[in-house]
Amino acid sequence: MEHEGGEFNVNQIEDVRRLWKLCKVFLLTIPYWMCYSQMVFNLFLLQGLHLHVRFDHFNECLSNNISDEIKSKGASANLCDHLPFIDYTDKKGTPPIPPASLAAFNAIFIVLFLPLIQKCYRFLSKKGIEALTWRRLWLGMLLASLALSAAGLLEYFRRKNIAECGLFRQVIGNTYYDASPGISLLWQIPQYCLVGASEVFFVVTGIEYAYIESPINMQGVVMGLFWLASGIGNFIGLALPYIFYYIDDIWQPKEYINCSRIDKYFFILAIFMLIYSFIFICISKCCDLSLNSVIVETHQKRNNSEPESASATPQLARRRTVRPVNFESSVD
């Protein structure tokens, strides 16, 4: 082993450098995880509980009992006021759709979309367009921004429908929820699918990047750091509603959902994610983070003659290698 005048050999020094580079990339993923926690684990479910969860009794409206002031304001009206409601808690009809069940569309979309996108990568590679790591991460952020925008748009129309037609009181489990009488829960499917597409580009790429770029004797540590960044982002996401509570009345975590403007909250997060995606590109261009590479799949088996050095490329059942790409030419 070659030494640089100390007790650590060249491979060990290189491994530490690569680990430090990976840590910097993981820090850049925290804003994504912050927004991701608001989508999947928090507000999407809360929004679904206040949408129409049945297939019958749509568009029952009590517009005659609503003041003209509330109607004219629409989604911006103060829905904390006493509004008339249609009581459907004691009536029989179609069984309700569990709002949490729509998260299955997220998983289904990932399963169906992931093989398709791998074929798209190969097709684009043949056309001279490489699926660079930073491009895939950037697309994941853009799709997350679209998912948040879709959720904000749905919440806007939910509030508008309540302002025009009143509330639809429904029971889910043993809890009463004042929902929109004319906006179905199924309208959440597009935003869940967009989150799934975002995970295919961002999360899957992040895991591949973390595993391949990590030193071979630090792969477990690196994967732990990757998910640590996810945990930090989720923790910040839990604190976000309370931050907005003290800044403005956009989101009041302890209050009735219709008293909060979570449509604005969704749009703020969407704009933030969009802006940050371009900041991420600038950082990836200015800093040497090894994001200007493309993951290439090969079907070669591992050669026994390859050295088992700490800096050797990790091998999978199907070997994956990282091929650097000239950044300037790829941009052009």
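The shown structure was predicted, so the numbers you read here are calculated from the model rather than taken from an experiment.

## Details of the pattern of salt bridges
Counted according to the given criterion, the structure contains 4 salt bridges. The closest approach of N and O atoms between Arg-17 and Glu-14, which form a salt bridge, is 4.0 Å. Of the two residues, Arg-17 and Glu-14 both sit in helix H1 (residues 10-28), 3 residues apart, roughly one turn of that helix. Looking at Arg-17, the relative accessible area reads 52%, which means it is exposed. Given the relative accessible area of 33%, Glu-14 is considered partly exposed. Taking the shortest distance from any N to any O, the salt bridge between Arg-136 and Glu-208 comes out at 3.1 Å. With a gap of 72 residues between them, Arg-136 in helix H5 (residues 133-165) and Glu-208 in helix H7 (residues 203-213) connect regions that are remote in the sequence. For Arg-136, a relative accessible area of 5% puts it in the buried group.

## Considerations on the packing of helix H2 (residues 30-49) against helix H9 (residues 262-286)
Across the interface, H2 lies against H9 with an axial gap of 11 Å and an inter-helix angle of 155 degrees. Looking at the two axes, H2 sits roughly antiparallel to H9. Pair H2 / H9 crosses with left-handed handedness. In contact with Pro-31, Tyr-32, Met-34, Cys-35, Gln-38, Leu-43, Phe-44 and Gln-47 of H2, H9 contributes Tyr-265, Phe-266, Leu-269, Phe-272, Met-273 and Tyr-276.

## Digging into helix H6 (residues 189-201)
The first and last C-alpha atoms of H6 sit 19 Å apart over 13 residues, in line with the 18 Å expected at 1.5 Å per residue. Of all 13 residues in H6, 10 are buried; the element is thus mostly enclosed. Regarding H6, the residues found buried are Gln-191, Tyr-192, Cys-193, Val-195, Gly-196, Ala-197, Ser-198, Glu-199, Val-200 and Phe-201. Next to the buried residues of H6 lie H2, helix H4 (103-126), H5 and H7.

## Considerations on the environment of Leu-22
Along the polypeptide, Leu-22 turns up in helix H1. Along the sequence, Leu-22 and Glu-213 sit 191 residues apart, while their C-alpha atoms lie 7.7 Å from each other. Beyond its immediate chain neighbours, meaning those up to four positions away, Leu-22 contacts Tyr-209, Ala-210, Glu-213, Ser-214, Pro-215 and Val-222.

## So, the pairing of strand S3 (residues 175-179)
Note that strand S2 (residues 167-172) and S3 share 5 bridges and pair antiparallel. When the sheet's bridge partners are listed, Arg-169 is paired in S3 with Asp-178. What sits between S2 and S3 in their antiparallel hairpin is a turn of 2 residues, with Gly-173 showing a positive phi close to 70 degrees.

## Some words on H7
The element H7 is largely enclosed, with a buried count of 8 among its 11 residues. Taken as a whole, H7 has its buried residues at Val-203, Thr-205, Gly-206, Glu-208, Tyr-209, Ala-210, Ile-212 and Glu-213.

The rules behind the values
Residues numbered from 1 in each chain as written. Predicted model: local features only at pLDDT ≥ 70, side-chain atom pairs only at ≥ 80, totals over all residues. Heavy atoms only, no water. Salt bridge = Lys/Arg side-chain N within 4 Å of Asp/Glu carboxyl O. Helix = DSSP H or I, 4+ residues; strand = E, 2+ residues; numbered from the N terminus. Buried < 20%, exposed > 50% of the residue type's maximum accessible area, 1.4 Å probe, protein only. Axes fitted to C-alpha atoms, helices over the stretch in contact; angles between N-to-C directions. Parallel < 35°, antiparallel > 145°, perpendicular 65-115°, else oblique. Left-handed = near helix turned anticlockwise from the far one by under 90°. Contact = heavy atoms within 4.5 Å. Expected span 1.5 Å × (residues − 1). Pairing = 2+ DSSP bridges.

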